[in-house]
Amino acid sequence: MLLIPCPICGIRPEAEFTYAGEAHIARPAEPASLDDHAWGEFLYARTNPKGDHAERWRHTHGCGRFFNAVRNTHTDRFITSYLAGTARPHGTPSAASPDAPAMRNDTEQWGQA
Amino acid sequence: MSLRFSFDGRSYLGEPGDTLASALLANGVRLLGRSFKYHRPRGLLAAGSEEPNALVEVDRGYGARTPNLRATQVEVYDGLVARSQNRFPSLGFDLQAVNDLAAPLLSAGFYYKTFMAPRGAWAKLYEPLIRRAAGLGRAPDVADPDHYASRYAHCDVLVIGSGPAGLAAAVAASAGGARVILCDEQPRFGGSLLADRSARIDGLAAPDWVAAQVGVLASRPEVTLLTRTTAFGWYPDNMVGLAQRLTDHLPEPDPTLPRERLWQVRAKQVVIAAGAIERPLVFPGNDRPGVMLADAARTFAVRYNAAPGQRAVIATTSDTAYRAALDLQACGVEVALIADARLRADGPLPAAARAAGIRVETGMRVLATRGRRGIRVAIMGRIDLDGRVRNREWVRCSLLGMSGGWTPSLHLFSQSRGELRFDPASETFLPGASAAAERSAGSCRGVHGLDDALADGAMAGSAAAHDSGFDAALPAPCHVEGAAQAGWTSPVPARRKQRRAFVDFQNDVTSKDLLLATQEGFHSIEHVKRYTTTGMATDQGKTSNMNALSIVAAELGRPVPAVGLTTFRPPYTPVTFGTLAGYSRGVLFDPVRTTPVHGWAAAHKAVFEDVGLWKRARYFPRGDEDMHQAVARECRTVRSAVGLFDASTLGKIEIIGADAAEFMNRMYVNAWTKLAPGRCRYGLMLGENGFLMDDGVAGRLAPDRFHVTTTTGGAPRVLAQMEDYLQTEWPELQVWLTSVTEQWAVLAVQGPRARDVLAPLVDGMDIEAAAMPHMSVAVGSIVGVPMRLFRVSFTGELGFEVNVPAGHAQAVWEAVHARVEALGGCVYGTEAMHVLRAEKGYIIVGQESDGTATLGDLGLGWAIAKAKRDFVGKRSLDRADMTAVGRRQLVGLLTADPACVLDEGAQLTEAAAAPVGTRSLGHVTSSYGEATLGHSIALAMLADGRARLGETVYAQRPEGAMPVRVVDPVFLDPKGVRLNA
Amino acid sequence: MPDTLTPDRLQPRDALPILFELPYDARPLVVPGRLLLHPAPDLARLVLRGDASALGVAFSLELPTQPCRAVEANGRSALWLGPDEWLLLASPGTLVPTVSVPGAAVVDAGHRQVGLILEGPSAPDVLAAGCPLDLHPTAFPVGMCTRTVFGKAEIVLWRQDNARFHVEVWRSFAAYVHGLLERAAPL
Ligand SMILES: [Zn+2]
């Protein structure tokens with residue numbers, strides 16, 4: 001069970017949290033002004049990096065707040081967390097760079113015993 | 001006091017502190033099991049949890065039968081009943097030992113090669129044969145009668161293992177007040193010190209020093225001491241799984257006690273002091289009973305006073321076996337020979353052995369062994385550089401103690417994702433860089449000597465305490481005398497090719513299998529492992545992995561690290577399922593949610609169904625009624641008189657704030673601004689993708705207050721979605737959400753007499769149609785209890801939903817039920833509710849809709865307030881595909897045979913014949929037998945369904961296609977006359 | 001049609017006895033010297049959301065703003081559950097539900113959930129059977145309260161004293177929580 005840093009309550013066990021997808025994808029203010037492609041990108045296109053990933057969590061069985069966190073998807077370690085509606089803190093590795101490959105089937109991690 | 005126990009039906013005596021292994025050895029029993037594949041007779045190889053051969057079954061006699069226990073870990077108690085495994089008909093005479101003669105057929109990869117064709121033969125012929133022939137214990141065939149406990153625990157420092165390093169670590173770590181948990185898989189703390197007859201620590205004999213340290217630990221209030229507790233798995237963020245055995249060692253355990261307890265320990269720091277495992281030598285006949293690890297033989301003799309043989313030969317590549325020889329000799333075992341494969345052996349221990357008069361030969365190794373069901377002769381010899389055998393010599397013996405050096409136990413370190421580092425000097429892997437907050441201490445990181453291990457443990461313990469925020473002065477070093485000091489390293493000498501020397505004893509993998517695998521092109525240890533199954537048995541290759549790796553590396557002519565090491569995975573030793581399940585069995589498997597009226601329903605013989613975690617009354621049979629009869633009666637009663645239904649499981653959310661209506665406008669497709677207080681609306685909620693997510697009636701209680709209902713299953717999801725938008729997209733809105741699902745019980749009163757039922761009960765409220773039309777809400781009281789009264793209908797009849805605080809629900813229910821009965825009505829359950837709503841064409845989210853249905857598909861497009869600039873999902877509705885021709889639309893179906901009830905999920909086709917490849921036009925979503933309409937009905941999602949009204953399509957069934965007429969989904973009262981009565 | 005329905009929150013429900021039994025066997029469970037598990041006394045409960053100071057004025061109690069802390073005053077307890085959410089507990093009859101607090105929401109939750117009390121030196125260990133939080137007094141001191149999980153149910157856990165915990169649980173989960181506590185109580 002992971003430990004997850006809630007920016008309000010502190011470090012708490014994973015069982016209290018719900019994952020809520022990639023962070024910093026704001027709902028367009030005027031959805032009607034988007035063409036189908038742009039709307040589809042908003043709905044479905046995600047960066048899915050292998051590495052540091054800004055994502056949303058909710059402390060469902062705690063303070064109930066949605067918040068953002070940067071987690072490394074390769075090591076499964078949280079780097080930081082911050083309140084919803086605030087920018088990704090300076091100094092945290094930026095979102096997926098082009099050379100960060102998308103998650104592939106990592107046999108080293110998932111291979112069977 | 002002696003303990004009487006039985007093994008394979010024969011009775012023996014053991015001593016307190018014995019394991020089954022030591023007690024059987026003391027009784028002269030050497031044959032303990034048959035091997036997995038070849039059914040070869042096997043005895044003990046080891047003295048601890050790494051034992052691969054001696055797997056036994058323990059039978060508690062009340063259905064509690066546990067297979068595959070290591071005899072070296074089974075504690076003897078009075079009345080213990082144990083049996084050997086994998087033998088037929090008996091251990092001494094095993095018919096399937098013929099497998100051994102067929103060994104050439106059973107070599108590496110035999111599964112893959114032998115049984116390629118014919119395909120069908122696998123399941124019918126080979127697989128059952130192999131299953132019977134090869135295997136471990138018998139799985140229990142009844143539910144586990146024991147119960148199990150589970151606990152979370154938190155500490156500053158978890159110390160795993162209580163040998164010298166672990167004990168020293170725990171004492172050092174806890175000195176400054178840190179919370180420390182010390183666990184050990186054995187019944188007593190001390191590890192190797194329990195079998196140390198020569199060392200003195202701080203002037204105390206080793207076992208006495210252990211007792212003193214345990215005393216110190218026990219006196220510290222923040223220390224938790226756990227014996228019989230295996231640290232079996234490492235999980236993220238320093239959570240370590242411990243399996244604590246609580247009653248298996250007791251003759252008559254208190255049945256209220258759990259058998260085992262799972263500890264989920266969250267440790268700020270972990271000290272792994274898991275020790276090292278001695279490595280067998282690989283030579284033909286190395287699996288014969290009586291051939292065991294030298295230190296295991298020593299441990300049996302010293303710690304358990306169980307002589308592993310009368311006359312011993314010791315074969316070694318390391319100095320520690322000399323200590324074994326000396327201790328065995330001191331315990332009365334005749335040591336005929338120490339054969340050291342190394343060319344020189346000059347350390348203090350070899351010198352001591354020579355001084356003790358033991359014959360020591362260097363450059364000598366075991367060539368083979370002889371003896372039926374146990375070793376009688378060791379054939380020794382020297383091998384020159386040309387590979388020729390010289391000085392062959394037969395040595396009579398009943399014990400062959402072997403030592404190929406020591407393998408640090410890296411399992412938990414590796415599970416923590418630490419990097420393994422190969423140490424060429426000792427030809428072992430050692431812990432490298434850590435990935436978790438842990439450190440290894442003692443022989444599990446190659447620090448072997450007693451004084452070094454003690455110092456290493458103390459250092460690790462105080463460093464761990466320091467890193468978790470405690471003062472931790474390093475304790476004064478222990479003064480150690482008489483310990484085995486030197487020569488723990490042991491390069492494995494090159495071997496000549498030899499036949500059938502066992503490497504993995506538990507899976508019966510030989511050196512020959514490994515060579516075959518490399519010859520056949522498997523060059524990575526992960527592939528060799530899968531091909532030969534080496535290291536894949538329940539012991540996870542504790543005694544075999546390094547030998548397998550050395551052999552493969554030597555054969556490939558590559559360094560060991562280049563061949564790689566297989567991955568270690570939990571559990572370290574097998575953990576019974578009961579321990580992992582813990583309390584989650586029976587009624588505690590999942591919460592069983594019941595409504596406040598559940599007790600009444602149960603007392604009135606309701607048949608319940610599971611809806612998520614809820615128990616809901618499905619129908620209330622009377623007399624001999626079956627379900628269909630009861631449901632039909634309940635439906636008819638609702639249509640003709642009145643019915644009472646428990647709708648308490650509906651999700652309810654109170655939405656409050658100045659911007660409540662604006663929030664509703666954004667969340668739902670409907671228009672809410674102009675909905676007056678006192679009125680309700682059927683709300684539909686989409687996902688941002690435009691598909692239906694949930695539905696429910698919302699009533700406006702005040703300009704700033706809505707009482708919203710959701711589906712039973714959708715309640716948490718809807719609330720979470722609302723919170724999500726409020727917190728992250730529209731934080732400027734003055735709106736707050738509170739779940740009131742469980743605050744309000746809901747009594748649905750439905751039917752032409754519904755108003756007559758309630759009118760006398762509602763404390764003077766006017767509930768006539770003029771004051772309370774369909775889709776209205778009022779606040780008042782019923783039989784003195786506060787009430788929110790909704791006039792809504794999910795049946796098509798005049799209906800009310802009485803919301804009362806849950807604690808008063810049963811009293812109100814009884815009052816309402818008395819009126820219902822008096823007016824010729826009855827209670828009804830979810831099944832009748834489903835039929836009644838289907839007759840009216842009302843959908844159930846998740847039944848008619850499946851996450852790809854639009855409101856248009858479901859005939860609900862009328863609800864969309866198209867003038868609204870935006871709401872969740874609106875943009876997606878403009879996609880061309882959402883209104884394309886060919887989408888499946890909600891329709892009703894009438895079967896040609898009115899008695900026929902279609903299967904829900906049945907596919908619809910254009911023609912009766914539906915050969916493979918026929919395109920489905922849609923499927924049946926709901927289907928019910930005749931209730932009130934004189935015929936069965938079905939709802940379906942059908943391609944272009946609304947354009948097909950009146951047409952006939954075919955519903956596919958196993959017994960043949962059924963013609964069905966496509967009709968409007970509203971079967972009853974399309975004008976809503978009954979509804980608005 | 002009236003502008004606003006008579007708010008039901010003004011109904012003096014405390015005057016009515018709770019007629020339905022608690023959804024579990026409510027007899028106290030005693031493990032001598034170690035644990036006492038019993039239902040909390042009947043309580044009035046309000047969920048408060050929104051502006052802390054406005055709510056504090058309305059209920060004559062300064063609401064805690066420090067996360068996961070409870071305050072008690074004038075026979076009332078306010079438990080911080082989130083940055084804009086409190087659970088107000090009081091004896092029946094002492095709580096006068098307020099009509100409308102500007103910038104806030106007040107919802108009656110008196111029947112939504114039930115309370116359980118665990119007392120005794122074993123209380124933290126018994127709770128640890130299902131609660132993954134560290135309940136050591138240094139990590140979960142007296143006065144701390146939080147929503148969390150107990151087995152597969154959500155609870156509100158409040159440490160009232162070193163060896164006394166108040167557990168709030170939605171009524172349909174109460175039998176499960178009580179059953180799990182009962183199972184774990186003998187340790
Ligand atoms: Zn939180």
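Cut-offs used in this document
- Position numbers for residues start from 1 in each chain and track the written sequence from start to end.
- Lettering for chains starts from A, numbering for ligands starts from 1, and both go in the order in which the items are written.
- Under the rules for a predicted model, residues below a pLDDT of 70 receive no local features and side-chain atom pairs below 80 are neither given nor counted, while totals for whole chains, interfaces and linings still include all residues.
- Calculation of side-chain values draws on the structure's entire complement of heavy atoms; hydrogens and water are dropped beforehand.
- A 2.8 Å cut-off from the metal defines N, O and S donors, relaxed to 3.2 Å for Na, K and Ca; water is not in the atom list, so some sites may appear incomplete.
- Remark: exposure states derive from per-residue accessible area (1.4 Å probe, protein chains only) relative to the maximum for the residue type, with buried under 20%, exposed over 50%, and partly exposed in between.
- Strands here are runs of E lasting at least two residues and helices are runs of H or I lasting at least four, both read from the DSSP assignment and numbered beginning at the N terminus.
- At least two DSSP bridges between two strands are required for those strands to pair.
- The arc in question is traced by the directions running from the helix axis to the C-beta atoms.
- For this analysis, residues touch if any pair of their heavy atoms sits within 4.5 Å.
- Each domain's limits were defined by an automated method or a database of domain assignments.
- Take the accessible area each of two parts loses on contact, using a 1.4 Å probe, and add the two losses: that sum is the buried area.
- Salt bridge, as used here: a side-chain nitrogen of Lys or Arg that lies within 4 Å of a carboxyl oxygen of Asp or Glu.
- Whenever two N or O atoms come within 3.5 Å, that pair is a polar contact, provided that in protein one can donate a hydrogen and the other can accept it, and provided that, for residues adjacent in sequence, both atoms are side-chain atoms.
- Three categories are distinguished: nonpolar for Ala, Val, Leu, Ile, Met, Phe, Trp, Tyr, Cys and Pro, charged for Asp, Glu, Lys and Arg, and polar for the others, with Gly belonging to the last.

**Observations concerning the coordination of the zinc ion**
All names here are of chain A.
Then, in step 1: For the zinc ion, the full set of protein donor atoms is Cys6 (SG), Cys9 (SG), His59 (ND1) and Cys63 (SG), and the range of their distances to it is 2.0 to 2.4 Å.
Then, in step 2: Look at where the donors of the zinc ion fall in the sequence and you get C-x2-C-x49-H-x3-C. Take histidine 59 and cysteine 63: they sit in the same class, and that class is buried.

**Some remarks on the pairing of strand 9 (residues 145–150) of chain C**
Residue and element names in this part refer to chain C.
Then, in step 1: For strand 9, the buried fraction is high: six of the six residues fall into the buried class.
Then, in step 2: Because side chains alternate across strand 9, one face comprises the buried residues Cys145, Arg147 and Val149, and the other comprises Thr146, Thr148 and Phe150, equally buried.
Then, in step 3: Across six bridges, strand 9 lies against strand 10 (residues 153–161) in antiparallel orientation. By the bridge assignment, threonine 146 is partnered in strand 10 with leucine 157.
Then, in step 4: The hairpin turn running from strand 9 into strand 10, its antiparallel successor, is two residues long, and glycine 151 in that turn takes a positive phi close to 60°.

**Some words on helix 9 (residues 348–355) of chain B**
Residues and elements named next belong to chain B.
Then, in step 1: Along helix 9, the residues that are buried comprise Leu349, Pro350 and Ala353. Taken around the axis of helix 9, the buried residues stretch over an arc of 100°, which confines them to a single face. Away from the buried face of helix 9 by more than 90 degrees, exposed residues Pro348 and Ala355 are located.
Then, in step 2: On its buried side, helix 9 packs onto helix 8 (320–330), strand 19 (334–340) and strand 20 (360–362).
Then, in step 3: Following helix 9 by one or two positions, glycine 357 has its phi on the positive side, about 85°.

**Re the pairing of strand 33 (residues 614–619) of chain B**
It is a general feature of regular strands that their side chains alternate between the two faces of the sheet.
Then, in step 1: Relative to strand 33 of chain B, strand 32 (residues 607–611) of chain B is paired through five bridges, and the arrangement is antiparallel. Its bridge partner lying in strand 33 of chain B, phenylalanine 608 of chain B is registered against alanine 617 of chain B.

**Topic: the domain arrangement of chain C**
Residues and elements named next belong to chain C.
Then, in step 1: Each assigned domain of chain C is listed here: domain 1 (28–42 + 111–187) and domain 2 (44–109).
Then, in step 2: Centre-to-centre separation of domain 1 and domain 2, based on C-alpha positions: 22 Å.
Then, in step 3: Listed by partner, the interface residues are 16 residues for domain 1 and 16 residues for domain 2.
Then, in step 4: Overall, the association of domain 1 and domain 2 removes approximately 1,400 Å² of surface from exposure, summing both partners, and the carbon and sulfur fraction of that is 56%.
Then, in step 5: Interface area lost by domain 1 to domain 2 is led by Cys145, Arg147 and Trp158, which between them contribute 37%.
Then, in step 6: Our enumeration of links across domain 1 and domain 2 arrives at two salt bridges.
Then, in step 7: Measuring nitrogen to oxygen at the nearest pair gives 3.0 Å for the salt bridge that ties arginine 147 to glutamate 85.
Then, in step 8: Where domain 1 touches domain 2, the interface holds seven residue pairs in polar contact (both at pLDDT 80 or more).
Then, in step 9: Of all elements in the fold, only strand 8 (113–119), strand 9, strand 10 and strand 11 (164–170) reach the threshold of two or more residues within the side of domain 1 that touches domain 2.

**Concerning the interface of chain B and chain C**
It is common to report an interface's size as the accessible area lost on association of the parts.
Then, in step 1: Contact residues are listed per partner, giving 57 residues for chain B and 51 residues for chain C.
Then, in step 2: Around 4,600 Å² of area is buried between chain B and chain C when both sides are counted, 59% of it from carbon and sulfur atoms.
Then, in step 3: Its largest share of buried area at the contact with chain C, chain B owes to Leu588, Trp736 and Glu742 of chain B, together 14% of the area lost on that side.
Then, in step 4: Summed over the shared surface of chain B and chain C, the result is five salt bridges.
Then, in step 5: Measuring nitrogen to oxygen at the nearest pair gives 4.0 Å for the salt bridge that ties arginine 171 of chain C to glutamate 742 of chain B.
Then, in step 6: At the boundary of chain B and chain C, one finds 21 residue pairs in polar contact (both at pLDDT 80 or more).
Then, in step 7: When residues of the side of chain B that touches chain C are traced back to their parent elements, those giving at least two are strand 8 (149–160), strand 35 (651–656), strand 37 (692–702), strand 39 (736–739), strand 41 (776–782), strand 42 (785–791) and helix 22 (809–822) of chain B.
Then, in step 8: Split by residue class, the side of chain B that touches chain C holds 27 nonpolar, 16 polar and 14 charged.

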